[in-house]
Amino acid sequence: MRTTHWAKALLLTLLLPLAAHADEGMWLPLFVKRLNHADMQKKGLKLTAEEIYDINNASLKDAVVQLGGFCTGEFVSSQGLLLTNHHCGYDAIQSHSTPQNNILQNGFYAASRAEEKQNPGLFVDILVRMEDVTSKVLDGISATTPEQERMATVQKRQRELADNAKENGKYVAYVRDMFGGNEYYLFIYQRFGDVRLVGAPPEAVGKFGGDTDNWMWPRHTGDFSMFRVYADKNNQPTATPQAGNVPYVPKKHLPVSLQGINEGDFAMVFGFPGRTQRFLPAAGLQLTLDQTNPARIKLRDTRLKLWKEDMDQDAALRLKYASKYANIANYWKYFIGQNEGMKRLKTVDQKKAEEAALDQWIRADQARVQKYGDALSTINEAYAKMREYNLSTQYVNEAAFGTEIVTQAARLQPLATALKSGDKAAIDKAVADLKEPMAEHFKDYNASTDKKVFAALMGLYMQDVPKAQQPDVFQTVQKQYGSSMQKYADYVFSTSFLTSEAKLNAFLAAPTLAKLEADPAYKTYQSVYQNYVQNIVPKLQAAQGGLGQANRQYVAALREKNSQKVYSPDANSTIRLSYGTVRPYKGRDAVAYDYKTTGQGILEKEDATNPEFVVPQKELELLKMKDYGRFADKGGNLPVAFITDNDITGGNSGSPVINGRGELIGLAFDGNWEAMTGDLAYDPELKRCINADIRYVLWCIEKLGGARHLVDEMTIVNNGPNPGVGPAASASNVDMSDVEKMKVKTENGGKTKIKRKKDAAAL
Ligand code: ARG
């Protein structure tokens, strides 16, 4: 309901209060005042729209960062202290872990700034501002502009607008399309390349419940980790970690509330949701359901089983593959859940019904037929053709590039180009560029594990993908290795220099094109890649020919037809705001879920014989003693997690959950199993956002981790349930034992005996 339908919108505002209502929606903060603020106030928001998003004064948006391009984090101190999820920090935590100093397993809190750990390559982006540039991008373009011309013009203008906004490298800027290319927005960020690891709980807390509990409610995971953003002496970003850097002073950091949550409380989530496809047509859903997801699931199943077999044999290997495994397993389970949900909720049928109604609406009016008449049939034809080649795409991504050796071989492509040119400087640069990423790769690589994966995944590729679409290398396998991918794997892994860092370095010391092109891993990669680019991509492009235009028309038609509904654009890794309330749900017939979990649930799930449900000894003791400190809830329990009906998706991980007063109450970290189709279709009755309660996070840091200095760095606004601990006494210098005594007394009528063990780890 924006630029394109402006006149209609105006008309409608006279008739209906035009505002967003449902809890569906990942909203652009730019429009919060116009579209959402009134509804947010009704739900309990006390802040003004400017306190949420303002480009001139500090507002909430300044406290929220995109972490590494894949997660969200938020500032919780004036010294650049950042909270995010454990699974967002996982790779960094794992990279600093060794079997001797296993901080992934044991947890870690920097006792001083000097102990904070640098993470080259990790960055945060902080939004400077965003702008609706639709009219600039589409200026002079009309419905009759030929599609090719439109695409070229749009791309050129997107680039120009972004380049302009970068101010010669001062900012990171890009233009993203929304609503299938009906609207365009410019985003301008500052990028900070010095982000240091400050703390993380033991993995048994940060990933408690493992893959079994992943994507599920009820949850008992302390899914948080802490970083600090560093800047130069003038508070300006540096591209990489620098010794002289100092903690960044953010424009705004979030106060942290110990007050806790009740059912129906207002909650908003700020963050960087990655991707939703709520406008994907039925034919697209169908393809995902019966071709794309089954292929992904099958190939990931295979890879994960083989990895796990080896990880279970060897502790050092388990550490090396921990992050890779968690990554692949996360979306493996997501694809399974998405497919189960699509079947159960009949998502494709629903979409078909919606399209039938849309088609009828279009047919009812000659002007609409003119504008949108071909959209749906074009879409359906396109997907029918894409279906013929889609498996190839999935197997290239998940089978060939599911092996590490093929993925690394692809990294040698720039070197091959340089070698072909014979330009010495270019060759040296290509070699130098490989050093760091390759060292990082080999640090966590086990060739014999990868060989098993290669044999299995490439075997499935040869077996499942139509013969006519297969790369030449499979003919070699058939002719020279008796069709045995195992034998071919033996050959590749005994001959390639990509199996160890020493062999690779020997090659890089005196690289020649002949040696590179003779390497069997590189040859395999070349064969897969060339086949894909030359034989598959052109077919897919032909199939998708009219799809861009048809999608754009389809989305425009839908919004025109349902002009009383305010749509939010699909997630595309740009900053969004979602709002809703703390809310339980009914999972299925006869199953009702509460909206919060407590420490009691950790004890119920605890299982010393199951690595996913081990509870660290110290946590067990604290929980059994009910030593919750000032973090207990009104009922005297330790709050652990809660759910809201905020609309989020991957990329939102680590996002702040903020109450009506703008205070941090939790960290969003997951979605629930019953709503795994949420990225494709939103169901308000089922979809929930799973959050770590901030009080559990602080308890883990202070009580379990003994890192009270980090809690003290935050701005705690303890207008919480504990009597006598009002805002004045809030911060950190309250005598804990007194506070606890008071609390326990009032909450139990003074009956409970106060048993307190000395907090051994307290600093
Ligand atoms: N499902 C969560 C997300 O995508 C990630 C949870 C990580 N935990 C795990 N057990 N893999 O944000």
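Residues numbered from 1 in each chain as written. Predicted model: local features only at pLDDT ≥ 70, side-chain atom pairs only at ≥ 80, totals over all residues. Heavy atoms only, no water.

1. Comments concerning the overall build of the protein chain
Which entries qualify depends on this criterion: Numbering of helices and strands starts at the N terminus; helices are DSSP runs of H or I of at least 4 residues and strands are runs of E of at least 2. With C-alpha atoms as the basis for the radius of gyration, the globule rule is written as 2.2 Å multiplied by the number of residues raised to the power 0.38. Categorising residues by exposure relies on relative accessible area from a 1.4 Å probe, with only protein chains included: less than 20% of the type maximum marks a residue as buried, more than 50% marks it as exposed, and the intermediate range marks it as partly exposed. In this description, contact between two residues means that some pair of their heavy atoms is separated by no more than 4.5 Å. Only the protein chains shown count as cover for residues, and the accessible areas themselves come from Shrake-Rupley with a 1.4 Å probe. Two residue types count as positive, namely Lys and Arg, and two as negative, namely Asp and Glu; His and chain ends fall outside the count. Charge placement uses NZ in Lys and CZ in Arg. For Asp and Glu, CG and CD serve respectively.
Looking only at helices and strands, the protein chain features 29 helices and 21 strands. Compactness check: the protein chain gives a C-alpha radius of gyration of 27 Å against a globular reference of 27 Å for 763 residues, within 12% of the reference. Considered along the principal axes of its C-alpha atoms, the protein chain spans approximately 80 × 70 × 60 Å. For the protein chain, buried positions account for 57% of its 763 residues. Expressed as a percentage of contacts within the protein chain between residues at least 6 apart in sequence, the contacts between residues at least 24 apart total 77%. Of the roughly 31300 Å² that the protein chain leaves accessible, carbon and sulfur atoms contribute 52%. Positive and negative side-chain charges in the protein chain, numbering 94 and 89 respectively, have mean positions lying 0 Å apart.

2. Some points on helix α19 (residues 473-480)
Note the threshold: Here the arc refers to the directions that run from the helix axis out to each C-beta atom.
Residues of α19 that are buried: Val-473, Phe-474 and Val-477. Within α19, the buried residues cover an arc of 105° as seen down the axis, which keeps them to one side. Opposite its buried face, α19 presents the exposed residues Lys-479 and Gln-480, each directed more than 90 degrees away. Contacts from the buried residues of α19 go to α18 (447-464), α20 (485-495) and α23 (520-544). Just downstream of α19, Gly-482 is the residue with a positive phi angle, here 55°.

3. A short note on the site of the ligand
Put simply, the test is: Think of it this way: one heavy atom of a residue within 4 Å of a molecule or strand is enough to make that residue near it. Here the term charged refers only to Asp, Glu, Lys and Arg, the term nonpolar to Ala, Val, Leu, Ile, Met, Phe, Trp, Tyr, Cys and Pro, and the term polar to all other amino acids, Gly among them.
Near the ligand the following residues occur: His-87, Lys-207, Gly-210, Asp-211, Asn-214, Trp-215, Asn-330, Ser-653, Phe-669 and Asp-670. When isolated, the ligand has an accessible area of 350 Å², and the protein chains bury 94% of it. Along the lines of polarity and charge, the residues of the shell around the ligand split into 2 nonpolar, 5 polar and 3 charged.

4. Things to note about the state of the cysteines
Which entries qualify depends on this criterion: Any pair of cysteine sulfurs within 2.5 Å is marked as a disulfide.
In this structure the tally under the stated criterion is 1 disulfide. Between the sulfur atoms of Cys-71 and its disulfide partner Cys-88 the distance amounts to 2.1 Å. The disulfide joining Cys-71 to Cys-88 has a torsion of about -75° about its S-S bond and is therefore left-handed. Within this pair, whereas Cys-71 is found in strand β2 (residues 71-75), its partner Cys-88 is found in helix α4 (residues 86-95), the two being separated by 17 residues in sequence. The thiol sulfur of Cys-689 is not disulfide-bonded, and the nearest other cysteine sulfur, from Cys-88, lies at 13 Å. Taking the relative accessible area as the measure of exposure, Cys-689 reaches 0% and is therefore buried.

5. Topic: the nonpolar core
The line we're drawing: The set of buried Ala, Val, Leu, Ile, Met, Phe, Trp, Tyr and Cys residues whose side-chain atoms join them within 4.5 Å is what this entry labels a nonpolar core.
By size, the foremost hydrophobic cluster in this structure holds 181 residues, and its most contacted members are Met-268 and Ile-701. If you tally residues by element for this core, the top one is helix α14 (residues 375-400), at 12 residues.

6. Things to note about the packing of aromatic side chains
Condition: Any pair of Phe, Tyr and Trp rings, taking the six-membered ring for Trp, is counted once the centres come within 6.5 Å. Such a pair is stacked with planes under 30 degrees apart, edge-to-face with planes over 60 apart, and tilted for the rest. Here, a charge over a ring means that NZ of Lys or CZ of Arg falls within 6 Å of the ring centre while also lying within 35 degrees of the ring normal.
Overall, the coordinates contain 30 aromatic pairs when judged by the stated rule. Considering the side-chain rings of Phe-497 and Phe-507, the 4.1 Å spacing of their centres and the 10° angle between planes classify their relative orientation as stacked. Highlighted residues: Phe-497 in the loop between α20 and α21 (501-509) and Phe-507 in helix α21, separated in sequence by 10 residues. Each member of the pair, Phe-497 together with Phe-507, is buried. For the cation-ring pair, Arg-176 lies above Tyr-174, with the distance from its terminal atom to the ring centre recorded as 4.1 Å.

7. Quick word on the confidence of the model for the protein chain
Put simply, the rule is: One confidence number per residue, pLDDT, is output by the predictor and ranges from 0 to 100.
For the protein chain, per-residue confidence averages 92 on the pLDDT scale, and residues scoring 70 or more make up 91% of the total. The low-confidence segment residues 1-19, where pLDDT is below 50, has 35 contacts with residues more than four positions distant or belonging to other chains.

8. Side note on the packing of α4 against helix α11 (residues 315-345)
Just so we agree on the cut-off: Between N-to-C directions, angles span 0 to 180 degrees; the directions come from axes that are lines fitted to C-alpha atoms, helices contributing only their stretch in contact. By the definition adopted for this analysis, an angle is roughly parallel if under 35 degrees, roughly antiparallel if over 145, roughly perpendicular if from 65 to 115, and oblique otherwise. Each crossing gets its hand from how the near helix is turned against the far one by less than a right angle, where anticlockwise is left-handed and clockwise is right-handed.
At a minimum axis distance of 9 Å, the contact between α4 and α11 shows a crossing angle of 165°. What the angle tells us is that α4 and α11 run roughly antiparallel. For the crossing formed where α4 meets α11, the hand is left-handed. Facing Tyr-90, Asp-91 and Gln-94 of α4, the residues of α11 in contact are Leu-319, Lys-320, Ala-322, Ser-323 and Ala-326.

9. A look at the packing of α18 against α23
The geometry of α18 relative to α23 is characterised by a closest axis approach of 14 Å and an angle of 30° between their N-to-C directions. Put simply, α18 runs roughly parallel to α23. Handedness of the crossing formed by α18 with α23: left-handed. Across the interface between the two elements, Phe-454, Met-458 and Tyr-461 from α18 touch Thr-524, Val-528 and Asn-531 from α23. For the contact of α18 with α23, a count of residues per class yields 4 nonpolar, 2 polar and no charged.

10. Thoughts on unusual backbone geometry
Along the chain, Trp-217 connects to Pro-218 via a cis peptide bond; the corresponding omega equals 5°. Along the polypeptide, Pro-218 turns up in the loop between α9 (210-213) and β9 (225-231). The backbone of Glu-167 shows a phi angle near 45°, a positive value even though the residue is not glycine. When you line up the elements, Glu-167 lands in the loop between α7 (147-165) and β6 (172-178).

11. Re the side chain of Thr-403
Mapped onto the secondary structure, Thr-403 falls in the loop between α14 and α15 (404-410). Overall, Thr-403 belongs to the buried group, its relative accessible area being 1%. Look past the residues within four positions of Thr-403 in its chain and what remains in contact with it is Asp-450, Val-453, Phe-454 and Leu-457.

12. Section: α7
To be explicit about the condition: One less than the residue count of a helix, multiplied by 1.5 Å, gives the span that helix is expected to have.
Relative to the 27 Å expected for 19 residues at 1.5 Å per residue, α7 spans 27 Å between its end C-alpha atoms, a close match to the ideal helical length. Listing the buried residues of α7 in full gives Glu-147, Arg-150, Val-154, Gln-158, Leu-161, Ala-162 and Ala-165. Summarising the axial view, the buried residues of α7 lie within an arc of 95°, below the 170-degree limit, and thus occupy one face. Every exposed residue of α7 that faces more than 90 degrees away from the buried side is listed here: Gln-148 and Asn-164. On its buried side, α7 packs onto α6 (134-138), β6, β7 (183-192) and α24 (547-561). Note on α7: the residue one or two positions beyond its end, Glu-167, has a positive phi of about 45°.

13. Re the pairing of strand β17 (residues 639-644)
Formally: Note: two strands are recorded as paired if DSSP finds a minimum of 2 bridges between them.
Where burial is concerned, most of β17 is hidden: 6 out of the 6 residues are buried. One ladder, built from 3 bridges, connects strand β16 (residues 596-598) with β17; its direction is antiparallel. Among the inter-strand pairings, Thr-597 is bridged to a residue of β17, identified as Ala-641. Sheet analysis places β17 next to strand β20 (residues 689-693), joined by 4 bridges and oriented antiparallel. The residue bridging Ala-641 from the neighbouring strand is Ala-692, located in β20.

14. Quick word on the pattern of salt bridges
Put simply, the test is: We define a salt bridge as a contact between a side-chain nitrogen of Lys or Arg and a carboxyl oxygen of Asp or Glu at a distance within 4 Å.
Scanning the model with the defined rule gives 43 salt bridges in all. Across the pair Glu-147 and Arg-552 runs a salt bridge, and its minimum N-O distance is 3.0 Å. Taken together, the residues span a long stretch of sequence, with Glu-147 in helix α7 and Arg-552 in helix α24 at a distance of 405 residues. Among the ionic contacts, a cluster of salt bridges with common partners joins Glu-24, Arg-278, Lys-565 and Asp-647.

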